[in-house]
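# A closer look at the structure
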Amino acid sequence: VTEWHSPHKEDNMAEPTIDTHDDQSTDHPSEDGIDRRGFLECMAWAGTGVLLTVSGGVLSSRTLAHAAGAPPEGDFSFVQISDSHIGFSAEPNRDVTATLQQAIGKINALQSVPEFVLHTGDLSHSQKPGAFDTLAENLKSLKARQVFYVPGEHDVFADGGKEYLNRFGGGTKGKGWQSFDYKGVRFVGLVNVLTFKESRLGSLGPEQLDWLKQDLGGLSGSTPVVVFAHVPLWAVYPQWGWATGDGEQALALLRRFGSVTVLNGHIHQVMQKVEGNMTFHTAMSTAFPQPPPGGAPSPGPWKQVPEDRVKSMLGLTQVNYVERKSPLAIIDSTLA
Amino acid sequence: MTSRVPFTSKPSAWRAAVTGAALIALLGLPASLLAAQGAPSAPPVTAAKVAGSKISIENFEFSPRTVTVPVGTMVTWTNNDGEPHTVTSSAKLFSSSGLDEGESFSYTFASPGTYTYYCQLHPHMTGTIVVK
């Protein structure tokens with residue numbers, strides 16, 4: 001298994017504290033010569049549920065309170081939601097449909113109506129009967145014109161993705177991967193949850209990688225690219241499976257582009273880093289938080305979270321695209 | 001406790017043997033109706049005796065990972081993780097749905113053999129039932 005490790009120490013991401021800076025990076029300038037101190041800050045949820053990180057002035061991440069007062073910015077915006085886990089009903093959230101609805105309400109209340117929504121997987125909680133129906137029914141109330149999906153492992157494990165593809169795979173290639181252009185930006189949805197095999201890591205597989213190579217082949221390097229997939233394409237925490245085994249092969253195909261934004265879910269918390277021209281970002285869940293890497297014996301619903309703080313750890317991600325300005329501005333909003 | 005259930009030597013396996021209280025299997029009744037109800041066990045007398053066996057799913061592991069049981073044993077897996085897991089035969093003989101925390105799945109092994117299984121959601125989680 002090929003694991004991709006960024007030059008900075010991943011363990012620094014694990015501390016559940018505010019403003020977890022990357023102290024290692026300045027000792028080891030990266031190959032692209034960029035000093036990471038100014039670029040990279042690991043974000044973690046904070047005691048009040050407020051997420052606030054600005055990296056080098058190019059990436060912003062704010063609470064909704066901050067975002068709501070700001071005028072709409074950019075040429076267009078879209079929203080990422082993730083890990084709705086419809087069918088989950090246990091601590092720390094016994095009504096994941098209600099919190100999904102709250103997320104939808106927040107999206108519909110945004111000053112600039114997002115052009116579309118990306119759902120980065122785990123629509124259902126272990127393919128519970130009726131979960132896909134409930135999700136689809138609730139998302140109908142979105143003002144955004146369209147929702148694009150990639151599956152999480154919870155959506156496909158039982159039947160290899162058959163039901164998911166029937167319901168949500170319209171217009172996709174292969175086993176659910178897809179690409180589309182929007183106002184000069186290439187969006188690429190990848191599926192990395194179908195072939196875990198003996199590994200605990202996500203996997204794209206050779207067929208999809210071949211497709212990706214072809215799909216990106218004709219594009220100019222100046223085309224902004226947004227990649228979305230469920231399991232992080234970067235090695236957030238391989239010990240818990242929070243990585244994609246062959247993710248590096250996809251990233252290698254993306255390195256020639258001047259602006260690449262990688263949006264993932266799966267880990268139910270916000271983390272981001274900048275690596276050269278690539279920005280990596282993971283979204284909160286609309287259903288329940290998971291512990292920070294290594295913060296519990298194993299991943300899963302984080303039950304120790306006090307009830308009044310759960311919603312500060314759920315949310316959505318708004319992305320604003322401004323032409324000729326890269327990378328994209330990413331804003332995380334909690335449900336609190 | 002019956003000594004006819006040769007569990008593996010891990011201490012946790014012996015605990016599983018103790019909690020998985022054995023029942024007397026009445027001739028002619030399917031073993032699946034009899035096993036693992038927690039009733040006190042009687043001393044083993046004949047080869048028809050069957051003990052229920054319990055396996056815990058905890059921190060993304062099947063525990064004990066390998067269990068040896070007599071033919072006719074009903075094995076019960078209980079998920080003690082907040083994350084759902086499945087119990088899925090590698091040879092597609094049986095599979096649970098996604099088990100939430102506290103939910104159980106049982107399967108009765110009617111023939112001798114070595115049965116490997118895994119969790120479909122987390123395929124690195126594997127276990128083995130040896131039926132003798």
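In case you missed it, the structure is sitting above this.
The present account deals with the structure reproduced in this document. (Residues numbered from 1 in each chain as written. Chains lettered and ligands numbered in written order. Predicted model: local features only at pLDDT ≥ 70, side-chain atom pairs only at ≥ 80, totals over all residues. Heavy atoms only, no water.)

### Some details on the overall build of chain A
Defined as follows: Helix and strand assignments follow DSSP, with helices taken as H or I runs no shorter than four residues and strands as E runs no shorter than two, numbered in order from the N terminus. Remark: exposure states derive from per-residue accessible area (1.4 Å probe, protein chains only) relative to the maximum for the residue type, with buried under 20%, exposed over 50%, and partly exposed in between. Should any heavy atoms of two residues lie within 4.5 Å, those residues are counted as being in contact. The accessible surface values rely on the Shrake-Rupley method and a 1.4 Å probe; as for residues, cover is taken only from the protein chains in view.
Counting its regular elements, chain A contains 8 helices and 15 strands. The buried share of chain A, taken over its 336 residues, is 61%. Here the contacts in chain A between residues at least 6 apart in sequence split such that 73% fall between residues at least 24 apart. About 12900 Å² of surface is accessible on chain A, with carbon and sulfur atoms providing 50% of the total.

### Digging into the interface of chain A and chain B
Selection criterion: When two components associate, each loses some accessible surface as probed by a 1.4 Å sphere; the sum of these losses over both components is called the buried area. When a carboxyl oxygen of Asp or Glu lies within 4 Å of a side-chain nitrogen of Lys or Arg, that pair is called a salt bridge. Any pair of N or O atoms that falls within 3.5 Å is considered a polar contact. Within protein, one atom must be able to donate a hydrogen and the other to accept it, and sequence-neighbouring residues count only if both atoms are side-chain atoms. By the convention adopted, Pro, Cys, Tyr, Trp, Phe, Met, Ile, Leu, Val and Ala count as nonpolar, Lys, Arg, Asp and Glu as charged, and the other residues, Gly among them, as polar.
Contact residues are listed per partner, giving 18 residues for chain A and 15 residues for chain B. Approximately 1400 Å² of surface area, both sides summed, lies buried where chain A meets chain B, with 54% of it carried by carbon and sulfur atoms. For the pair chain A and chain B, the interface holds 2 salt bridges. Linking chain A with chain B are 6 residue pairs in polar contact (both at pLDDT 80 or more), by the criterion used here. Broken down by class, the residue content of the side of chain A that touches chain B amounts to 6 nonpolar, 6 polar and 6 charged.

### Some points on helix α2 (residues 96-108) of chain A
Structurally, the α-helix is built with 3.6 residues per turn, so residues lying three or four positions apart point the same way. The line we're drawing: Residue count minus one, scaled by 1.5 Å, sets the expected span of a helix.
Given a rise of 1.5 Å per residue, 13 residues ought to cover 18 Å, and the 18 Å separating the end C-alpha atoms of α2(A) matches this to within 8%. For α2(A), every residue scored as buried is listed here: Val96(A), Thr99(A), Leu100(A), Ala103(A), Ile104(A), Lys106(A), Ile107(A) and Asn108(A).

### A closer look at the pairing of strand β14 (residues 315-322) of chain A
Residue and element names in this part refer to chain A. As a reminder of what qualifies: Strands are labelled as partners when DSSP assigns at least two bridges between them.
In terms of burial, β14 is largely enclosed, as 7 of its 8 residues are buried. Where strand β5 (residues 76-81) and β14 come together, 5 bridges link them in antiparallel fashion. When the bridges of β14 are listed, Val-79 appears paired with Gln-318.

### Thoughts on helix α7 (residues 247-254) of chain A
Residue and element names in this part refer to chain A. Stated formally: The arc under discussion is defined with respect to the helix axis, by the directions toward the C-beta atoms.
Within α7, the full set of buried residues consists of Gly-247, Ala-250, Leu-251 and Leu-254. Seen from one end, α7 has its buried residues packed into an arc of 100°, which puts them on one side. Tucked into the core, α7 has its buried residues touching α6 (206-217), β10 (225-229), β11 (260-264) and β13 (278-282).

### Some words on the packing of α6(A) against α7(A)
Residue and element names in this part refer to chain A. Convention followed: Each axis is a line fitted through C-alpha atoms, and for a helix only the stretch in contact is used; angles between axes span 0 to 180 degrees, taken between their N-to-C directions. Angle categories: roughly parallel below 35 degrees, roughly antiparallel above 145, roughly perpendicular from 65 to 115, and oblique for all the rest.
At a minimum axis separation of 10 Å, α6 and α7 run at an interaxial angle of 10°. By the criterion of interaxial angle, the relationship of α6 to α7 is roughly parallel. Touching Leu-209, Leu-212, Lys-213 and Leu-216 of α6 are Gln-249, Ala-250, Leu-253 and Leu-254, all from α7. Looking at the contact of α6 with α7 residue by residue, the class counts come to 6 nonpolar, 1 polar and 1 charged.

### Section: the nonpolar core
Our working definition: Residues belong to one nonpolar core when they are buried, are Ala, Val, Leu, Ile, Met, Phe, Trp, Tyr or Cys, and are joined through side-chain atoms within 4.5 Å.
Residues Leu139(A) and Leu190(A) are the most contacted members of the largest nonpolar core, which totals 64 residues. Residue contacts for Leu190(A): discarding those within four places in its chain leaves Val150(A), Trp177(A), Leu204(A), Gln208(A), Trp211(A), Leu212(A), Val227(A), Phe228(A), Ala229(A), His230(A) and Leu233(A). The next biggest cluster of nonpolar side chains, apart from the first, holds 21 residues, and it includes Ile55(B), Phe62(B), Tyr115(B) and Leu121(B).

### A look at the environment of Asp83(A)
Residue and element names in this part refer to chain A. Note on placement: Asp-83 falls in the loop between β5 and α2. For Asp-83, a relative accessible area of 0% gives the class buried. Along the sequence, Asp-83 and Thr-279 sit 196 residues apart, while their C-alpha atoms lie 20 Å from each other. Side-chain polar atoms of Asp-83 contact the backbone nitrogen of His-266, separated by 2.9 Å. Side chain to side chain, Asp-83 and His-268 meet in a polar contact 3.0 Å long.

### Points about the side chain of His266(A)
Looking at the element boundaries, His266(A) is found in the loop between β11 and β12 (271-275). Setting aside its immediate chain neighbours within four residues, His266(A) contacts Ser82(A), Asp83(A), Glu153(A), His230(A), Val231(A), Pro232(A), Gly241(A), Trp242(A) and Gln290(A).

### Overview of the packing of aromatic side chains
This is how it is decided: Whether two aromatic rings pair depends on their centres lying within 6.5 Å, for rings of Phe, Tyr and Trp, where Trp uses its six-membered ring; planes under 30 degrees apart make the pair stacked, over 60 edge-to-face, and the rest tilted. Charges are assigned to positions over rings by a cutoff of 6 Å between ring centre and Lys NZ or Arg CZ, combined with an angular limit of 35 degrees from the ring normal.
In this structure the tally under the stated criterion is 25 aromatic pairs over all chains. A cation over a ring is seen here: Lys273(A) above Phe280(A), with NZ or CZ 5.5 Å from the ring centre.

### A look at the sheet that holds strand β7 (residues 113-118) of chain B
All names here are of chain B. With mixed pairing, the 4 strands of this open sheet are ordered in space as β3-β8-β7-β5. Two strands bound the open sheet, and with one partner strand each, they are β3 (66-69) and β5 (88-89). One ladder, built from 4 bridges, connects β3 with strand β8 (residues 126-131); its direction is parallel. Looking at β8, one finds that Thr-66 is bridged to Thr-128.

### Some remarks on the sheet that holds strand β1 (residues 53-58) of chain B
All names here are of chain B. Reading across from one edge, β2-β1-β4-β6 is the order of the 4 strands in this open sheet, with mixed pairing throughout. Edge positions in the sheet fall to β2 (61-63) and β6 (104-109), since each has one partner strand and no second. Neighbouring strand axes in the sheet, compared pairwise and without regard to direction, differ in orientation by 20° on average. With 5 bridges connecting them, β1 and strand β4 (residues 73-79) associate as parallel partners. Of the residues in β4, the one forming a bridge with Lys-54 is Thr-76.

### Some remarks on the pattern of salt bridges
Per the stated rule, a full pass over the model turns up 10 salt bridges over all chains. Put simply, Asp215(A) and Arg186(A) hold a salt bridge, and the shortest N to O gap is 3.0 Å. With Asp215(A) in helix α6 and Arg186(A) in strand β9 (residues 185-189), this residue pair connects regions lying 29 residues apart in the sequence. The same class applies to Asp215(A) as to Arg186(A), namely buried. In this structure, Lys303(A) and Glu101(B) form a salt bridge, with 2.7 Å as the shortest nitrogen-oxygen distance. Residue Lys303(A) is found in the loop between β13 and α8 (307-310), and its partner Glu101(B) is found in the loop between β5 and β6; the two belong to separate chains.

### What about the side chain of His125(A)?
Looking at the element boundaries, His125(A) is found in the loop between β6 (116-119) and α3 (131-139). Of the residues examined, His125(A) reaches a relative accessible area of 1% and is grouped as buried. When sequence neighbours within four positions are dropped, the list of residues in contact with His125(A) reads His85(A), Ile86(A), Gly87(A), Phe88(A), His154(A), Pro84(B) and Asp100(B).

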